[in-house]
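Letter by letter, the chains look like this.
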Amino acid sequence: MNHCWKGRIVTNPEVLTRKPVIAGARISAELVLDCLASSWSVTEFIENYPHISQEDVLAALAFVAVGDIE
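Criteria and thresholds
- Residues numbered from 1 in each chain as written.
- Predicted model: local features only at pLDDT ≥ 70, side-chain atom pairs only at ≥ 80, totals over all residues.
- Heavy atoms only, no water.
- Helix = DSSP H or I, 4+ residues; strand = E, 2+ residues; numbered from the N terminus.
- Rg over C-alpha atoms; globule rule 2.2 N^0.38 Å.
- Contact = heavy atoms within 4.5 Å.
- Axes fitted to C-alpha atoms, helices over the stretch in contact; angles between N-to-C directions.
- Parallel < 35°, antiparallel > 145°, perpendicular 65-115°, else oblique.
- Nonpolar A, V, L, I, M, F, W, Y, C, P; charged D, E, K, R; others polar.
- Salt bridge = Lys/Arg side-chain N within 4 Å of Asp/Glu carboxyl O.
- Buried < 20%, exposed > 50% of the residue type's maximum accessible area, 1.4 Å probe, protein only.
- Polar contact = N/O pair within 3.5 Å; in protein donor to acceptor, adjacent residues only side chain to side chain.
- Core = buried A, V, L, I, M, F, W, Y, C linked by side-chain atoms within 4.5 Å.

Glancing now at the overall build of the chain. Within the chain, the regular secondary structure consists of three helices and two strands. If you list the helices and strands of the chain from N to C, you get β-β-α-α-α. Relative to its length of 70 residues, the chain is compact, with a C-alpha radius of gyration of 11 Å against a globular reference of 11 Å. Long-range pairs, those at least 24 residues apart, make up 45% of the contacts in the chain with a sequence separation of at least 6.

Put into structure tokens, the structure is as follows:
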């Protein structure tokens, strides 16, 4: 699998208790997945979180597919 999420998905012990988040944001990969699983489209997600890009959403999905931040 392509690691296109590297650099976009990060952890920090001071941000969301080290949950994997979109770099520069307090948006977890888990939140992205939960919203999309609840029938949100990528466009709807970006409309609700305008500081997040489509590439960030796709990176979160790629990260969840891999499941390890290394």
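Look at helix α1 (residues 29-37) against helix α3 (residues 54-66): their axes get within 9 Å of each other, and the N-to-C directions meet at 100 degrees. Relative to α3, the element α1 is oriented roughly perpendicular. Between α1 and α3, the contacting residues are Ala29, Val32, Leu33 and Leu36 on the first element and Val57, Ala60, Leu61, Phe63 and Val64 on the second. For the contact of α1 with α3, a count of residues per class yields nine nonpolar, no polar and no charged.

The next subject is the pattern of salt bridges. Within this structure, the stated rule accounts for two salt bridges. Between Asp56 and Arg8 there is a salt bridge, with its nearest N and O atoms 2.6 Å apart. Separated by 48 residues along the polypeptide, Asp56 in helix α3 and Arg8 in the segment before β1 (9-10) bring together distant segments of the chain. According to the relative accessible area criterion, Arg8 is partly exposed, its value standing at 31%. Glu30 serves as the salt-bridge partner of Lys19, at 2.8 Å between the closest nitrogen and oxygen.

With that settled, the discussion passes to the side chain of Ser28. By the element assignment, Ser28 lies in the loop between β2 (21-22) and α1. At 2.9 Å, the side chain of Ser28 forms a polar contact with the backbone nitrogen of Leu31. Sequence-distant contacts of Ser28, defined by excluding residues within four places in its chain, comprise Leu16, Pro20 and Val21.

On to the nonpolar core. By size, the foremost hydrophobic cluster in this structure holds 16 residues, and its most contacted members are Ile9, Ile22, Ile27, Val32, Phe45 and Ile52. Where this core is concerned, the elements lending two or more residues are α1 and α3. By residue number, the principal contributor to this core is α3, which donates five residues.

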